[in-house]
Protein chains: 2
Amino acid sequence: MAKIIECIPNVSEGRRTEVVEALVNVVRTVPGVTLLDYSSDASHNRSVITMVGDPDGIEDAAFKLAMAARDNIDLTQHEGEHPRMGAIDVIPFVPIKDVTVAECVELSKKLGERIANELGIPVFLYEDSATAPHRKNLAEIRKGQFEGMAEKVNDEKWHPDFGGNRIHPTAGVVAVGARPPLVAYNINLSTSDIKVADKIAKIIRERSGGLKYVKALGVMLEDRNIAQVSINMCNFSKTPLYRVFELVRVEAARYGVHIIGSEIIGLAPMAALIDSAEYYLQLEGFSKNQVLENRLM
Amino acid sequence: MAKIIECIPNVSEGRRTEVVEALVNVVRTVPGVTLLDYSSDASHNRSVITMVGDPDGIEDAAFKLAMAARDNIDLTQHEGEHPRMGAIDVIPFVPIKDVTVAECVELSKKLGERIANELGIPVFLYEDSATAPHRKNLAEIRKGQFEGMAEKVNDEKWHPDFGGNRIHPTAGVVAVGARPPLVAYNINLSTSDIKVADKIAKIIRERSGGLKYVKALGVMLEDRNIAQVSINMCNFSKTPLYRVFELVRVEAARYGVHIIGSEIIGLAPMAALIDSAEYYLQLEGFSKNQVLENRLM
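What counts, and at which threshold
Residues numbered from 1 in each chain as written. Chains lettered and ligands numbered in written order. Predicted model: local features only at pLDDT ≥ 70, side-chain atom pairs only at ≥ 80, totals over all residues. Heavy atoms only, no water. Pairing = 2+ DSSP bridges. Helix = DSSP H or I, 4+ residues; strand = E, 2+ residues; numbered from the N terminus. Axes fitted to C-alpha atoms, helices over the stretch in contact; angles between N-to-C directions. Contact = heavy atoms within 4.5 Å. Buried area = accessible area lost by both parts, 1.4 Å probe. Salt bridge = Lys/Arg side-chain N within 4 Å of Asp/Glu carboxyl O. Polar contact = N/O pair within 3.5 Å; in protein donor to acceptor, adjacent residues only side chain to side chain. Least-squares fit on C-alpha atoms with pLDDT ≥ 70 in both. Phe/Tyr/Trp six-rings, centres within 6.5 Å; stacked < 30°, edge-to-face > 60°. Buried < 20%, exposed > 50% of the residue type's maximum accessible area, 1.4 Å probe, protein only. Lys NZ or Arg CZ within 6 Å of the ring centre and 35° of its normal.

1. Some points on the sheet that holds strand β11 (residues 259–265) of chain B
All names here are of chain B.
Piece 1. Taken in spatial order, the four strands of this open sheet run β9-β10-β8-β11, and their pairing is antiparallel. Looking along the sheet, the strands with just one partner apiece sit at the ends: β9 (214–221) and β11. When strand polarity is set aside, the average angle formed by the axes of neighbouring strands in this sheet is 20°.
Piece 2. Across the face of the sheet, helix α6 (residues 194–204) comes into contact with β8 (183–189), β9 and β10 (226–233) while running at roughly 175° to β9.

2. So, the interface of chain A and chain B
Piece 1. Contacts between chain A and chain B engage 41 residues on the former and 41 residues on the latter.
Piece 2. A buried area of about 3,700 Å², summed over both sides, lies between chain A and chain B, and 65% of it is on carbon and sulfur atoms.
Piece 3. The largest contributions to the chain A side of the interface with chain B come from L281, E284 and L292 of chain A, which together make up 19% of the buried area.
Piece 4. Where chain A meets chain B, there are two salt bridges.
Piece 5. Where R224 of chain A meets E284 of chain B, a salt bridge forms, and the shortest distance between an N and an O atom there is 2.9 Å.
Piece 6. Summed over the shared surface of chain A and chain B, the result is 24 residue pairs in polar contact (both at pLDDT 80 or more).
Piece 7. Among the elements of the structure, β1 (4–7), β8 (183–189), α7 (241–253), β11 (259–265) and α8 (270–280) of chain A are those that each provide at least two residues to the side of chain A that touches chain B.
Piece 8. Considering every element that reaches the side of chain A that touches chain B, the biggest residue donor is β11 of chain A, with seven residues.

3. A closer look at the pairing of strand β9 (residues 214–221) of chain A
Piece 1. In this structure, β9 of chain A lies alongside strand β10 (residues 226–233) of chain A, joined through eight bridges in antiparallel fashion. Residue pairing across strands places L221 of chain A opposite I226 of chain A, the latter belonging to β10 of chain A.

4. Thoughts on the relation of the copies chain A and chain B
Piece 1. In the superposition of chain A on chain B (RMSD 0.0 Å, axial shift 0.0 Å), the rotation amounts to 180°. The transformation relating the two chain copies, once decomposed into turn and shift, fits a two-fold axis. For chain A, the minimum C-alpha distance to the rotation axis belongs to A277 of chain A and amounts to 2.3 Å.
Piece 2. By residue overlap, the copies meet face to face through one surface: 100% of the interface positions of chain A are interface positions in chain B.

5. Section: the packing of aromatic side chains
Piece 1. Inspection of the entire model under this criterion finds seven aromatic pairs over all chains.
Piece 2. Note on Y279 of chain A and Y280 of chain A: the rings are 4.9 Å apart at their centroids and 80° apart in plane angle, and the pair reads as edge-to-face.
Piece 3. Overall, the relative accessible area of 40% leaves Y279 of chain A in the partly exposed class.
Piece 4. Centre to centre, the rings of Y242 of chain B and Y280 of chain B are 6.3 Å apart; their planes meet at 75°, and the pair counts as edge-to-face. With Y242 of chain B in helix α7 (residues 241–253) and Y280 of chain B in helix α8 (residues 270–280), the pair connects residues that are 38 residues apart, well separated along the chain.
Piece 5. For Y242 of chain B, a relative accessible area of 14% gives the class buried.
Piece 6. Under the relative-accessibility criterion, Y280 of chain B is labelled buried at 11%.
Piece 7. One aromatic cluster in this structure is built from Y242, Y279 and Y280 of chain A together with Y242, Y279 and Y280 of chain B.
Piece 8. The ring centre of F63 of chain A lies 3.9 Å from the NZ or CZ of R114 of chain A, which sits over that ring.

6. Things to note about the pattern of salt bridges
Piece 1. In the structure shown here, the tally under the stated rule is 44 salt bridges over all chains.
Piece 2. For K136 of chain A, the salt bridge identified is with D128 of chain A, shortest N-O distance 3.6 Å.
Piece 3. One salt bridge connects E21 of chain B with R28 of chain B, and the closest N-O pair in it is separated by 4.0 Å.
Piece 4. Overlapping salt bridges bring together E59, K110, R114 and E118 of chain A as one network.

Function cannot be inferred from these measures alone, as they are strictly geometric.
What follows is the structure, encoded as structure tokens:
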């Protein structure tokens, strides 16, 4: 059984197609790694690359991508809506198969050290790799962005984990870390009143006292004239989809509103769905080993 | 993306461990084929072997297994509770990934011809490979068993598809065919009255006017003192698990009985569970391509 890790680097280039293609081609050439997806957003001026592979291959691909981003992207010339602090801005590692979070943490530290030493880019370890609680959240690390980073890293609280206190002049700094798979999951309501979606989002999300590992906000789907609870499931094995779905259903009922559908955006590991099937079918003693595909990979 | 076919040959030996091991070792040595499971039943005097592989590998493994079964099993000396007509009794092919039922039908015909020509064992094509409606059902083909087969094949209705009308003196005949994946699925009821399980089984199964592709009967779980609806889901993509679960729930309610749990026996393709998650989570526009693992294999 092969170990599989997913890596979803975000690079600060979403406009120059030839640069994005060059970066993606770096990934394509690494043995043991499969490019699953990439997408660029011009207004964000940012691209997200999704790749999977064995631990060695995925480390190699991430390192080569970081080098190519450093050589092709100049943050002193960069503008875009999305906050950013590096040419390669963030490199998350996600355990997919026969790999623990701890192994992904190790990998992130190994890669972080290489990026600092060999590419001259200081590295912050974040999420499950963070070396202090205040450094877990990427948004906190990135506050001040590239323009404020040269100064910020002098603050003892924000010394990089690798590479010292001098940011790379054009490539800035990068966050590297391990995190559980994230599922983007939206629930559509039978109402056009966004206040209902807002209220439900507040009830279900961790930040305002709801379910752990859940981020949520109310949004309006203008084309369908319906309100939606837009959700990031940050650890679906600890807080599964069905629990969020059922809690939204229950809370919506108070307003005479029901769920008209839900959607998964992008990719989701099969376990995110199988957990929910297990719940609703009341499966007894079911093991993931009974899933035929788990025996094949 | 690799094509994957599952093959679940049943051989008429469940007592002589050394023979079963010899047969299983044949499968183990074929490149491109993975042995997933094998289990022997002494009272049935029969073993079930589960293997997966690419089309060429799986054909090769099935052929070599048929040869080894012919050379090691003598049906004139065989007794056991399970009906049987051949040393290798039945060879079903099941499409798992990037393979159609039609391709499995082709494979079954190719293998059938080889078994007849090279091993001297006449072959019946059954299930989706059957050449006439009365030859689809394995139980109908096998009626009369090994002992009655020499005579039965002279009946025009029961001429073998390959190999002529003379059965192999010790290996009998074999059924080869393509069929959809089968899921063994049981639903446990909050009653110790088997008549309730019997009545529900009658309502849900195809044979007595219920859901197509569903076989069911009521059984008693003596150790737990509960009644169970024991089900074979013969085509879960056309009649999915959730539909059977919900119909059992609805019918049980008439007796004041509810479902206390369900169970999947053995292996099930992930799609069998993901279909049910899609239903209960009311997923809109979901594609199997969004399942990460489907991109990896």
